[in-house]
Amino acid sequence: MGLLTFSINVTLDGCVDHQEGIADDDTHAFFTHLMNEGGAMLWGRVTYEMMESYWPAVARGDEEAPPAIREWAVKLDAKPKYVVASTRTVFPWTNSHHIAGDLRTGVQRLKDATPAGVLLGSGKLATALDRLDLIDEYQLLVHPRIAGHGPTLYQSGLPSTRRLELISAKPLRSGAVAMHYRRAR
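To start, this report covers the structure provided alongside it. These numbers were taken from a predicted model, which means no experiment stands behind them. (Residues numbered from 1 in each chain as written. Predicted model: local features only at pLDDT ≥ 70, side-chain atom pairs only at ≥ 80, totals over all residues. Heavy atoms only, no water.)

Let's talk about the pairing of strand β3 (residues 81–84)
Our working definition: Strand pairing is assigned whenever DSSP detects at least two bridges linking the two strands. Every helix listed is a DSSP run of H or I at least four residues long, and every strand listed is a run of E at least two residues long, numbered separately from the N terminus.
Relative to β3, strand β2 (residues 40–44) runs parallel, the two sharing 4 bridges. Of the residues in β3, the one forming a bridge with Gly 44 is Val 84.

Quick notes on the packing of aromatic side chains
Formally: Ring pairs are drawn from Phe, Tyr and Trp, using the six-membered ring of Trp, whenever the two centres fall within 6.5 Å, and their geometry is named by plane angle: stacked under 30 degrees, edge-to-face over 60, tilted for the rest. Exposed residues in this analysis have more than 50% of their type's maximum accessible area, buried residues have under 20%, and partly exposed residues fall in between, with area computed by a 1.4 Å probe over protein chains only. The rule is short: NZ of Lys or CZ of Arg within 6 Å of the ring centre and within 35 degrees of the ring normal puts a charge over the ring.
Scanning the model with the defined rule gives 8 aromatic pairs in all. Between the aromatic rings of Phe 30 and Phe 31, the centroid separation amounts to 4.8 Å while the plane-to-plane angle is 85°, which identifies the pairing as edge-to-face. Given the relative accessible area of 11%, Phe 30 is considered buried. With 6.3 Å between their ring centres and 55° between their planes, Trp 43 and Tyr 48 make a pair best called tilted. Residue classification places Tyr 48 among the buried positions, given a relative accessible area of 0%. A cation over a ring is seen here: Lys 81 above Trp 93, with NZ or CZ 4.6 Å from the ring centre.

Brief notes about helix α1 (residues 25–37)
Keep this limit in mind: The span you would expect from a helix comes to 1.5 Å times its residue count less one. Contacts between residues were defined by any pair of non-hydrogen atoms, one from each residue, lying within 4.5 Å. Polar contacts, as counted here, are pairs of nitrogen or oxygen atoms within 3.5 Å of one another; within protein the pair requires one atom able to donate a hydrogen and one able to accept it, and residues that are adjacent in sequence qualify only if both atoms are side-chain atoms.
Here α1 contains 13 residues, and its C-alpha end-to-end distance of 18 Å stays within 8% of the 18 Å for a straight helix at 1.5 Å per residue. For α1, the set of buried residues is Asp 26, Thr 27, Phe 30, Phe 31, Thr 32, Leu 34 and Met 35. Those residues of α1 that are buried lie in contact with β1 (4–11), β2, α4 (67–78), β5 (118–120), β6 (137–143) and β8 (177–183). For α1, the side-chain oxygen to backbone nitrogen distance between the N-cap and Asp 26 is 3.2 Å, and the N-cap itself is Asp 24.

Re the nonpolar core
Note the following rule: Here, nonpolar core refers to any group of buried Ala, Val, Leu, Ile, Met, Phe, Trp, Tyr and Cys residues whose side-chain atoms link them within 4.5 Å.
Counting residues in hydrophobic clusters, the biggest one holds 24 residues, and the most contacted among them are Trp 43, Met 51, Trp 55, Leu 76, Trp 93 and Leu 141. For this core, the secondary structure elements donating two or more residues are α1, β2, α2 (45–52), α3 (55–60) and α4. For this core, the element with the highest residue contribution is α1, accounting for 4 residues. What Met 51 contacts, discounting residues up to four positions off in sequence, is Trp 43, Pro 56, Trp 72, Leu 76 and Trp 93. Counting 22 residues, the second-largest nonpolar core is a separate cluster that includes Phe 6, Ile 8, Ile 99 and Leu 134.

Digging into the environment of Arg 183
Following the sequence through the fold, Arg 183 ends up in strand β8. A residue is classified by how much of its surface remains accessible, and Arg 183, at 11% relative accessible area, is buried. Taking the C-alpha atoms as reference points, Arg 183 and Leu 4, separated by 179 residues in sequence, lie 11 Å from one another. Setting aside anything within four residues of it in sequence, one finds Arg 183 in contact with Asp 130, Asp 133, Ile 135, Asp 136, Tyr 138, Arg 162, Arg 163 and Leu 164. At 3.2 Å, the side chain of Arg 183 and the side chain of Asp 133 are in polar contact.

Some remarks on the sheet that holds β2
Strands in a sheet are paired, the pairing made by backbone hydrogen bonds, and the direction either parallel or antiparallel. The criterion, for reference: To obtain each axis, a line is fitted to C-alpha atoms, and for helices this fit is confined to the stretch in contact; angles are then taken between N-to-C directions over 0 to 180 degrees.
One open sheet holds the 8 strands; their spatial order is β4-β3-β2-β5-β1-β6-β8-β7, and the pairing between them is mixed. Either end of the sheet is taken by a strand with one partner, and the two such strands are β4 (96–99) and β7 (164–171). Each adjacent strand pair in this sheet contributes to an overall mean axis angle of 25°, direction not counted. Across 6 bridges, β6 lies against β8 in antiparallel orientation. Looking at the pairing, Gln 139 lines up with His 180 of β8.

Listed below in structure tokens is the structure:
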């Protein structure tokens, strides 16, 4: 069984708006490493649609991008992508699959079938999966910014505090810190 790892950009005040992070080579390298290590991506519908609106065009060469970004897009295009959605059932982006039905059962099956692990990149979905005790690790890229707005991490709350064990903390040149935690069980 693979681990389910939640990874996202977050500001010091918990904002997970994708436009608030620092987009530089170190950030790109952090997320490239995570994607390369994992066996599949897992997103909610909103994140999938945001990714789908840009990255397939970069992978095809329809959008201008530096070589490293295009290479990342090609790898993302090839990576299995799973989407939890209740309002959409068709996901035409290459290697995209719908997880329907019971959330716990669907995601547990995905974990069981993906020994290299699953990388989760959607904040709202992370809250739902954390409520089901399905998240094993957290790889957060904490940016040295205070956004002063939302959406925020775990905005709708959890039923109890999650205790975590620090695995590593690595500062990047931008001042962001890559934090790796494991659930303390």
